[in-house]
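# Structural overview for review
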Amino acid sequence: IRDEIAPIFLTRESFILELDANGNASLTSDQYNTATVQTNCDLDRIEFSRTDFGCGDTGFTTITVTAFDGNGLFASTEADVEVRDVTAPTARARDITITLDAAGNATITADDVNDGSTDNCSIESLSIDRMVFDCDDIGEENIVTLAVTDANGLTDTAQVRVTVADVTAPVLEVQDISLTLDANGQASLGGLTAQTQLFYDGFSADDPGLAKTELVNWNVIVGDVDVFFPNQFGLPFSTSAVDVAGDVNGAIESKESFLFEPGDYRLTFAVLGNNGDASLELEIGNLFSTTFTEFIGGTIETRTVDFTVATTTSATIVFSEFGDAPFFSGTTIDDVELSRLGEGLVTFADDACGIASITASQTQFDCGDVGTHLVTITATDANGNTTDATAIVTVVDNAAPTVITQDITLELMANGEATLTAEALDGGTTDNCDFTLSVDQTIFNCASLGENTVTLTATDGSGNSASAQATVSVVDNIGPSVIGGTVDVALDENGTGSLSIGDLESAISDYCVVA
């Protein structure tokens, strides 16, 4: 008896294989449904043209299936194998500390926080939900999510903490200065910076669409004034600005009235040129006024005015526009800044995260400090980074003493002389520092009897001097002294003789003339 009928496949089979943790999958004959193979005798075995699959086989693959009966007869057909990757990557991430650059920014990538993420196949991409950090992130708990995606679209995530550090010291530039002692012999550095900001308004605090009465730092005193976002109209401002003109002429006045003490001041602002014939007037109380014209249409310019205040005055800032100015073609201003100028040690100080303080090793000076001193200036930023710089502070005393004299009477001594001290003529001389007194005549004698004009001079330690005159009345209050002696008198023929006062002068002593 011979078997000549080969096995017959009744259906086309499909297999689903899932890759294991190592990215492998295997197909065995046990997975084949033998019920779909018809044979007149016993089925001996099932063989596949391929049994091992890996990550590169994900998707559908066609293989050949061969069935053998017990008599060696066989038949082949095709089968479908779908290889699936069902194992998501394992995301591993690490906390990191990043350092801001000089501009106060830092950027990270997914690779910076990835700590060896794995997948049974291959990782297609790494991504993070935040890349950019700045000064505002210092001290915050910055949570960043790392997403790991494999080649088959499976994803896992892990969270990390990004600590932001600022290690960049401030930029500090200084200059040598001179300080003059005041009337009390004192001098102070006062403000260390050469330019101190008193007011700034970039209008960024104003929301677009605010009514003209809702300006934050300004009052509308004339016409129609609007705050808007210029870039929504294609204008080159980066923040909101104020259109002084609006549809008609307008004027705004600062709500704050500034106390201007004697000194030098500077006001700057950005202005967008108009396309009409409008002009912009700036008034700072009765201290300063000017009119700006000849703007370049469509171009932002910075205008700066410097003015000096002689007497302490309180004043507001007023911007007014006049002339023909179509809508958004009038005068648009931004970044209004008022500063006081001075002879400070610091000419420039800057830090991306902000300057917290500027200090000096010595700020107070007095008469004992006249001369030069090396002063250390320290700028500290908001995060404790410091920069030191040194400058020479020269302390000078330019104030001459105020000489006050008094008239005196000077009595000659028994030797016919008298000595005058400067202190005797001093009637209350003052100076901001120590001083010495001197007179142009100290010795007086009989020839000085009567009134004498004497000059008293005060000189301080810096060589400043002043003089004043006083009257010294010299008097002789000591009478002559009779010292005795013998006078010969010759008698005449009558036995008489005469004696005159002159005959007795040798018996009288006085350093001045005996009358």
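Residues numbered from 1 in each chain as written. Predicted model: local features only at pLDDT ≥ 70, side-chain atom pairs only at ≥ 80, totals over all residues. Heavy atoms only, no water.

What follows deals with the overall build of the protein chain. If you tally the helices and strands in the protein chain, you get two helices and 43 strands. Taking all 515 residues of the protein chain together, the buried fraction comes to 37%. Long-range contacts, defined here as pairs at least 24 residues apart, represent 66% of the contacts in the protein chain between residues at least 6 apart. Here the protein chain has roughly 27000 Å² of accessible surface; of this, 46% comes from carbon and sulfur atoms. (Helix = DSSP H or I, 4+ residues; strand = E, 2+ residues; numbered from the N terminus. Buried < 20%, exposed > 50% of the residue type's maximum accessible area, 1.4 Å probe, protein only. Contact = heavy atoms within 4.5 Å. Areas by Shrake-Rupley, 256 points an atom, 1.4 Å probe, with all protein chains shown as cover.)

Turning our eyes to something else, we now look at the side chain of D166. Here D166 shows up in the loop between β14 (155-165) and β15 (171-174). Here D166 occupies a buried position and makes no salt bridge, while the nearest side chain of opposite charge, R130, is found at 15 Å. A polar contact of 3.1 Å, which involves the side chain of D166, links it to the backbone nitrogen of T168. Once you skip the residues sitting within four places of it in the chain, D166 turns out to touch L100, I138, D351, C353, D381, N383 and N385. (Lys, Arg positive; Asp, Glu negative; His and termini not counted. Salt bridge = Lys/Arg side-chain N within 4 Å of Asp/Glu carboxyl O. Polar contact = N/O pair within 3.5 Å; in protein donor to acceptor, adjacent residues only side chain to side chain.)

This part takes up the state of the cysteines. Summed over the entire model, instances satisfying the criterion amount to three disulfides. Between the sulfur of C367 and that of C433 lies a disulfide, 1.9 Å long from S to S. On the S-S bond that ties C367 to C433, the torsion sits near -85°, and the link is left-handed. Residue C367 is found in the loop between β33 (364-366) and β34 (371-381), and its partner C433 is found in the loop between α2 (422-425) and β38 (435-439); the two are separated by 66 residues along the sequence. Classification of C433 by relative accessible area gives buried; the value is 11%. (Disulfide = S-S within 2.5 Å.)

With respect to the helices and strands, the residue R340 is situated in strand β30 (residues 332-341). By relative accessible area, which is 27% here, R340 ends up partly exposed. In this structure the C-alpha to C-alpha distance between R340 and F260, which are 80 residues apart in sequence, comes to 8.9 Å.

Strand order in the open sheet made by the five strands is β19-β22-β29-β25-β26, with antiparallel pairing throughout. Both edges of this open sheet fall to β19 (218-223) and β26 (288-292), since each of them pairs with a single strand only. The mean inter-strand angle of the sheet, taken between neighbouring strand axes irrespective of direction, is 15°. Across five bridges, strand β25 (residues 279-284) lies against β26 in antiparallel orientation. Bridge pairing links E281 to T291 in β26. (Pairing = 2+ DSSP bridges. Axes fitted to C-alpha atoms, helices over the stretch in contact; angles between N-to-C directions.)

Bringing the nonpolar core into the picture now. One finds F260, L267, F269, L282, I317 and F319 to be the most contacted residues of the largest nonpolar core, which totals 24 residues. The set of elements that each furnish at least two residues to this core consists of β23 (258-260), β24 (263-272), β25, β26, β27 (300-309), β29 (317-322) and β30. Considering each element in turn, this core owes the most residues, four residues, to β24. Excluding its chain neighbours within four sequence positions, the residues that come into contact with F260 are Y265, I284, L287, F307, V309, T311, T312, T313, A315 and L338. (Core = buried A, V, L, I, M, F, W, Y, C linked by side-chain atoms within 4.5 Å.)

In this section: the pairing of strand β41 (residues 465-475). Judged from the four bridges that link them, strand β36 (residues 408-411) and β41 form a sheet pairing that is parallel. Residue pairing across strands places T409 opposite S473, the latter belonging to β41. The pairing of strand β40 (residues 450-460) with β41 spans ten bridges and is classified as antiparallel. Paired with A458 across the strands is A466, a residue of β41. Between β40 and β41, which pair antiparallel in sequence order, lie four residues; one of them, G463, sits at a positive phi of approximately 85°.

Bringing the pattern of salt bridges into the picture now. Enumeration over the complete set of coordinates arrives at ten salt bridges. Close ionic contact of D80 with R12 constitutes a salt bridge, the shortest N to O distance being 2.9 Å. Of this pair, D80 sits in strand β8 (residues 74-84) while R12 sits in the loop between β1 (8-9) and β2 (14-18), and the two are 68 residues apart along the sequence. Across the pair R50 and D57 runs a salt bridge, and its minimum N-O distance is 2.6 Å. Taking relative accessible area as the criterion, R50 reaches 31% and is therefore assigned partly exposed.

When pLDDT is averaged along the protein chain, the result is 84; 82% of the residues meet or exceed 70. Taken together, the stretch residues 236-240 has pLDDT below 50 and engages in 26 contacts with residues farther than four places along the chain or on a different chain. Taken as a whole, residues 325-329 scores under 50 in pLDDT and shows 16 contacts with residues more than four places along the chain or in a different chain. (pLDDT = per-residue confidence, 0-100.)

Evaluated as defined, the whole model comprises 15 aromatic pairs. With centroids separated by 5.7 Å and ring planes inclined at 15°, the aromatic side chains of Y265 and F307 adopt a geometry described as stacked. On the criterion of sequence distance, the pair formed by Y265 in strand β24 and F307 in strand β27 is long-range, its members being 42 residues apart. Residues Y265 and F307 agree in their burial class; the two are buried. Ring geometry for F269 and F292: centres 5.3 Å apart, planes at 80°, overall edge-to-face. Pair noted here: F269 is in strand β24 and F292 is in strand β26, with a separation of 23 residues, a long-range link. Both residues of the pair, F269 and F292, belong to the buried class. These aromatic residues form a ring-pair network of at least three members: F199, W218, F258, F260, Y265, F269, F288, F292, F307 and F319. (Phe/Tyr/Trp six-rings, centres within 6.5 Å; stacked < 30°, edge-to-face > 60°.)

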